[in-house]
Amino acid sequence: DGAYGPVAGQCQPRARHDGAGVGVTGGGGGRGGKDCRAIDTPSAALMLQYFSRPKNILEIVKGLRTVPEDVEVLINNDSGSDHAVWRSVLTQPNDFLVYCRNVHEIRGYNRLTLMSNAPISVTLQDDDVPGDKTWLATATKLFQAHPKLLFLSGYRARGGLPGGNFGLGRNAITSKSKAAGNVPFMFSYKLVAGPLLYTRETFLALGMFHLEFSCAGDPGIHFEYEFSLRTWLYGFQAGLWNCKFNHHVGDWKSSGTRANKSKEARRRLVGVRNSQNVRWMYKGLAGGSKDAKIFAAAGNTQKDFAAGKTV
């Protein structure tokens, strides 16, 4: 019939060479077979930074598979270990396994974001497991309901003026997003990983996560603080909701950057250094004072939102 079709494969062609459309029906109607838009245009990229926690692999993948949306799963195997196990469980066309050697989370997430093909990027940690299959749908609704929302945490955050810590194990989120279906949600000053979600296009435009917050091989502690502040600085918004993940699963206290006293000491040192970096980079804009413009802006945005105003 003159329609282009691949020599081998099951994807339905999108259009004929003469410009006429070729009907696509889910599951393989017509001549071409499967609709490959799920592969070409996934709704989100689920990006996991992995380092030597083999006991968690099966549980994590099982949790990721509960998401009903068409997604990409991208694994940065930063320890270069357990590759065979990952290969055995990453069986879908949109599963990607990157073999790496200790570039750590900032570079890992940046590179996976560049590699991905989805409008929403999700950073995942190798000691967190999704516990609710609706979490991605809820996050997507929040992005749609709040056009300026760029950066979203499903775990914890620090509030803007007058301050406070919110999220799992902290102060409760008392405001709700009516536009997203009455989801408990608040605008926040500094987000805490993870998971962290962001709109890919704007994330790339703002320069991605700051590389100077981690040498290759070091933890990137507080990198999410810096990007939260950058989000507000450029006129976008950061927010918090409860994704209902199971956090700190497995041997998280004795593995990764907590595997021994030397790594734990390095973790603390990097944390102190990066806290100083944040204060220096955003001097006069961040901090606990009402004169700190970003701190005040985030707080005022949340105050107006909680009062039912459009922000």
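Fair warning: this is a prediction, and the values are worked out from it, not measured in the lab.

Q: Just checking my understanding: could you explain the overall build of the protein for this structure?
A: Per the secondary structure count, the protein includes nine helices and 13 strands. Taking all 311 residues of the protein together, the buried fraction comes to 48%. Long-range contacts, defined as pairs at least 24 residues apart, comprise 73% of the intrachain contacts of the protein with a sequence gap of at least 6. With an accessible surface of roughly 15,100 Å², the protein has 52% of that area assigned to carbon and sulfur atoms.

Q: Would you explain the packing of aromatic side chains in this entry?
A: The way to describe two aromatic rings as a pair is by their centre distance and the angle between their planes. Under the criterion given, the structure shown has 16 aromatic pairs. Seen from their ring centres, Tyr109 and Phe223 are 6.4 Å apart, and the 40° between their planes marks the pair as tilted. Taken together, the residues Tyr109 in helix α4 (residues 104–115) and Phe223 in helix α7 (residues 223–233) connect sequence positions 114 residues apart. On the basis of relative accessibility, which here comes to 2%, the residue Tyr109 falls in the buried class. Given the relative accessible area of 4%, Phe223 is considered buried. With a centroid separation of 6.3 Å and 55° between ring planes, the pair formed by Phe151 and Phe209 is classed as tilted.

Q: Explanation requested: the sheet that holds strand β2 (residues 71–77) in the structure shown.
A: Think of a sheet as strands paired side by side through backbone hydrogen bonds, with each pair either parallel or antiparallel. One open sheet holds the eight strands; their spatial order is β3-β2-β1-β4-β12-β5-β13-β10, and the pairing between them is mixed. Sheet topology places β3 (95–99) and β10 (186–187) at the edges, where each strand pairs with a single neighbour.

Q: Just checking my understanding: could you explain the nonpolar core for this structure?
A: Among soluble globular proteins, nonpolar side chains are generally buried collectively. Core analysis: the biggest nonpolar cluster contains 75 residues, and Trp86, Trp135, Phe151, Leu152, Leu197, Phe209 and Trp241 have the highest contact counts within it. Considering each element in turn, this core owes the most residues, six residues, to strand β1 (residues 44–50).

Q: Whenever I open this one, unusual backbone geometry confuses me. Can you help?
A: For residues other than glycine, phi is negative in most cases, and the peptide bonds are mostly trans. With an omega dihedral of 15°, the bond running from Leu161 to Pro162 counts as a cis peptide bond. Mapped onto the fold, Pro162 is located in the loop between β6 (156–158) and β7 (165–167). The omega angle of the peptide bond from Gly194 to Pro195 is 10°, so this bond is cis rather than trans. Structurally, the position occupied by Pro195 is in the loop between β11 (190–192) and β12 (196–199). Here the phi dihedral of Lys244 falls at roughly 65°; this positive angle occurs in a residue that is not glycine. In this structure Lys244 comes out as exposed when scored by relative accessible area, which is 51%. With a phi angle near 55°, His248 is a residue other than glycine that sits in the positive phi range. For His248, a relative accessible area of 33% gives the class partly exposed.

Parameters and conventions
- Residues numbered from 1 in each chain as written.
- Predicted model: local features only at pLDDT ≥ 70, side-chain atom pairs only at ≥ 80, totals over all residues.
- Heavy atoms only, no water.
- Helix = DSSP H or I, 4+ residues; strand = E, 2+ residues; numbered from the N terminus.
- Buried < 20%, exposed > 50% of the residue type's maximum accessible area, 1.4 Å probe, protein only.
- Contact = heavy atoms within 4.5 Å.
- Areas by Shrake-Rupley, 256 points an atom, 1.4 Å probe, with all protein chains shown as cover.
- Phe/Tyr/Trp six-rings, centres within 6.5 Å; stacked < 30°, edge-to-face > 60°.
- Pairing = 2+ DSSP bridges.
- Core = buried A, V, L, I, M, F, W, Y, C linked by side-chain atoms within 4.5 Å.

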